[in-house]
Amino acid sequence: MTRDLATVRDLVRETEVHRDVYTSPAVFDLEMKHVFGNAWVYVGHASQIPAMGDFTTTTIGTTPVVMVRQGNGAIGVLINRCPHKGTRVANEPCGNAGRFFRCPYHAWSFRLDGTVAAIPLPGGYENTGFKDSTAAQGMTPVGHVHVYRDFVFARLAESGIGFEDFFGEGLSSIDNMVDRSPVGKLEVVGGVLRYLHKCNYKMLMENLTDTCHPMVAHESSAGTAVNVWKTMPEGTPRHPAVEIYAPFMSSYQFYEAMGIRVWPNGHGHTGVSHSIHSDYSAIPGYFEQMVAAYGEERAKSILDTARHNTAYFPNMTVKGPIQTLRLFKPVAADRTMVESWTFRLVGAPDRLLERTLMYSRLINAPTSPVGHDDLEMYERAQDALHADANPWINMQRLYDPGEEAQASAVANGTTEWQMRNQFRAWKALMREAAP
Amino acid sequence: MTDHEAIAFVLHEARLIDEQRLDEWLDLFTEDGRYWMPLEMGQTDPILHNSLFYDDKILLRIRIERLKGAKTYSQKPKSRCHHLMQAPLVERREGGEISTWAAFHYVETRLDEQTLYAGWARHTLVVEDGRPRIRLKRVDLVNCDSAFGNIQLFM
Ligand code: FES
Ligand SMILES: [Fe+2]
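Everything numeric here is computed off the predicted structure, so don't read it as measured data. (Residues numbered from 1 in each chain as written. Chains lettered and ligands numbered in written order. Predicted model: local features only at pLDDT ≥ 70, side-chain atom pairs only at ≥ 80, totals over all residues. Heavy atoms only, no water.)

Caption draft 1: Layout of the pattern of salt bridges. Residue and element names in this part refer to chain A. Summed over the entire model, instances satisfying the criterion amount to 45 salt bridges over all chains. Asp-279 serves as the salt-bridge partner of Arg-238, at 3.8 Å between the closest nitrogen and oxygen. Highlighted residues: Arg-238 in the loop between helix H8 (219-230) and helix H9 (240-245) and Asp-279 in the loop between strand S15 (268-270) and helix H11 (286-294), separated in sequence by 41 residues. Close ionic contact of Arg-335 with Asp-334 constitutes a salt bridge, the shortest N to O distance being 3.8 Å. By relative accessible area, which is 29% here, Arg-335 ends up partly exposed. (Salt bridge = Lys/Arg side-chain N within 4 Å of Asp/Glu carboxyl O. Helix = DSSP H or I, 4+ residues; strand = E, 2+ residues; numbered from the N terminus. Buried < 20%, exposed > 50% of the residue type's maximum accessible area, 1.4 Å probe, protein only.)

Caption draft 2: Structural view of the pairing of strand S6 (residues 113-128) of chain B. All names here are of chain B. Across 13 bridges, strand S5 (residues 97-110) lies against S6 in antiparallel orientation. By the bridge assignment for S6, Phe-104 is matched with Gly-119. Where S5 hands over to S6, the hairpin turn is made up of 2 residues, of which Leu-111 adopts a positive phi near 50°. Where S6 meets strand S7 (residues 131-141), 10 bridges bridge the pair, whose relative direction is antiparallel. Residue pairing for S7: Thr-124 is matched across the bridge by Leu-136. Once S6 ends, the chain turns through 2 residues before running back antiparallel as S7, passing Asp-129 with a positive phi of about 50°. (Pairing = 2+ DSSP bridges.)

Caption draft 3: Broad picture of the confidence of the model for chain B. Chain-level pLDDT for chain B is 97 on average; 100% of the residues reach the 70-or-more range. Taken over the whole predicted complex, pTM reads 0.97, whereas the ipTM for its chain interfaces reads 0.97. (pLDDT = per-residue confidence, 0-100.)

Caption draft 4: Highlighting the packing of aromatic side chains. All names here are of chain A. Summed over all chains, the structure comprises 27 aromatic pairs over all chains. Their ring planes at 35° and their centres at 6.1 Å tell us that Tyr-148 and Phe-163 sit as a pair that is tilted. Of the two residues, Tyr-148 sits in strand S10 (residues 144-148) while Phe-163 sits in helix H4 (residues 163-167), which places them 15 residues apart along the sequence. Exposure class is identical for Tyr-148 and Phe-163. Each is buried. Ring geometry for Phe-153 versus Phe-167: centroids 4.9 Å apart, planes at 55°, classification tilted. Of this pair, Phe-153 sits in strand S11 (residues 151-155) while Phe-167 sits in helix H4, and the two are 14 residues apart along the sequence. This pair shows no difference in class: Phe-153 is buried, exactly as Phe-167 is. Above the face of the Tyr-22 ring, Lys-202 is positioned so that its terminal group lies 5.5 Å from the ring centre. (Phe/Tyr/Trp six-rings, centres within 6.5 Å; stacked < 30°, edge-to-face > 60°. Lys NZ or Arg CZ within 6 Å of the ring centre and 35° of its normal.)

Caption draft 5: Spotlight on helix H1 (residues 3-18) of chain B. All names here are of chain B. Its 16 residues place the ends of H1 23 Å apart at the C-alpha level, agreeing with the 22 Å of an ideal helix rising 1.5 Å per residue. Considered for burial, the residues of H1 that qualify are Ala-6, Phe-9, Val-10, Glu-13, Ala-14, Leu-16 and Ile-17. Around the axis of H1, the buried residues are gathered within 155° of arc, so they sit on the same side. Relative to its buried face, H1 has exposed residues pointing more than 90 degrees away, namely His-4 and Arg-15. Looking at the buried positions of H1, the neighbouring elements they touch are helix H2 (22-26), strand S3 (80-85), strand S4 (89-94), S5, S6 and S7. Of the residues flanking the end of H1, it is Gln-20, one or two places downstream, whose phi is positive at about 55°. (Expected span 1.5 Å × (residues − 1). Arc of directions from axis to C-beta. Contact = heavy atoms within 4.5 Å.)

Have a look at this one:
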């Protein structure tokens, strides 16, 4: 079934969306073209490719790309496809290409900017007009790449919204995560947890600011952690994992008061005044390092910012206070690859990294009880949405008819405004020409 | 502990998991015991590199209590599992510790889905209160760095 853009836009209403946005392969194909073609999408972190020729492979929507450190130290992003017969050129998650990418099929080689370096038996192309072919242009570079404090984003479309305009104030959450390093630097470490979800990627994006679910869906994991902890003998030192689990059980009042902020272009975050990350034990020596680096006032203001999830439209989120990044990679309408990345705060004590990894393992891994709680809900929804009975999904909580006119705002922490904000951005990109 | 006792213990341990006698299973661990499933082939560091599991006894207890919970929706209906173990080998005896190694296939099922995992279990056993106990159970999956769906029980 094909779809045109106008009818697809009708699937998104002010306070409800049609289930086809989660289930229809035709809608998914349009999203890959228009949403992922026109948005700035996260592709990786500069610390993953320190040396010339270092590369990582990933996807922008479903387009395979390779992020590479070029000879001049710049970071490039190329479509990961040989212009000859289409073979994927770089196949490992990460590696080093040396000075050239070499296609394993017929040994065409490409400079790190994608241009053709050599083709075996070149005489065969003489007087064929090959120079004017698209193949002669080499591996296609993604036209627009922006590196912001070592976070690398790319936009497939030749023209469109600029990086700063797209993210605007939203970049403040990346700033806060980076500023938590006494030397202002992050490093990707600890490996990547990859968790396959049989659901649409947008369910994960919406869950980021769904603050009415933790005390319900996670009672099984977080509630059990609290109960098990109560049985421990008095005076047992606070267990770091219980410290991670327990805040999920906070009350509705806690979540209402923590606040949600929305920004233009579908970005936003939970935890304006406080969050489930506010009350972790201090790691010895860290605060002193921060004060030495930034002065007491600024160090306090960096560390008091306890934003919970910052949703970067269309498919990425960071948790500054715990130094994690999750990428929701769309695979199909009903398949999403969730990657959880973790960062070392360069210059800070290792115990911070230890906590970051524990958080990721307990909350976001295929072996995480909290992950099981969430995925069960997404998969039940993905299955049941096929029913035609009532095809609309509600997102009306704390809706204000005037809200669309407000580009940025802070609201009650249980509002579904950010979910509506994401769909408004989605709908807007569904008008843009595909790249 | 004789070699034979160590081998019988490792097989019994897998059986307790398959029969979901998880309180008895937990009791096999020493107080400082760990259940470790690395994320990387040949991983040596469980602290500053991530793992699929690196649970102490409290974390295991939380998981086990959760599996029993009335509001554990990802266990409605419940998962089941099955180990097929190769005969364990006793690899090493050192300072009161015995290390065993065993290749296994493990199947976890729920609803209409069945997922097969393959790997190697390494047990570090000690004798405490006159019985063998687990100080470390390390499970290396042959595809430890693959993407997975839910892994809800224990291998
Ligand atoms: S397909 Fe790449 S060189 Fe032929
Ligand atoms: Fe959740």
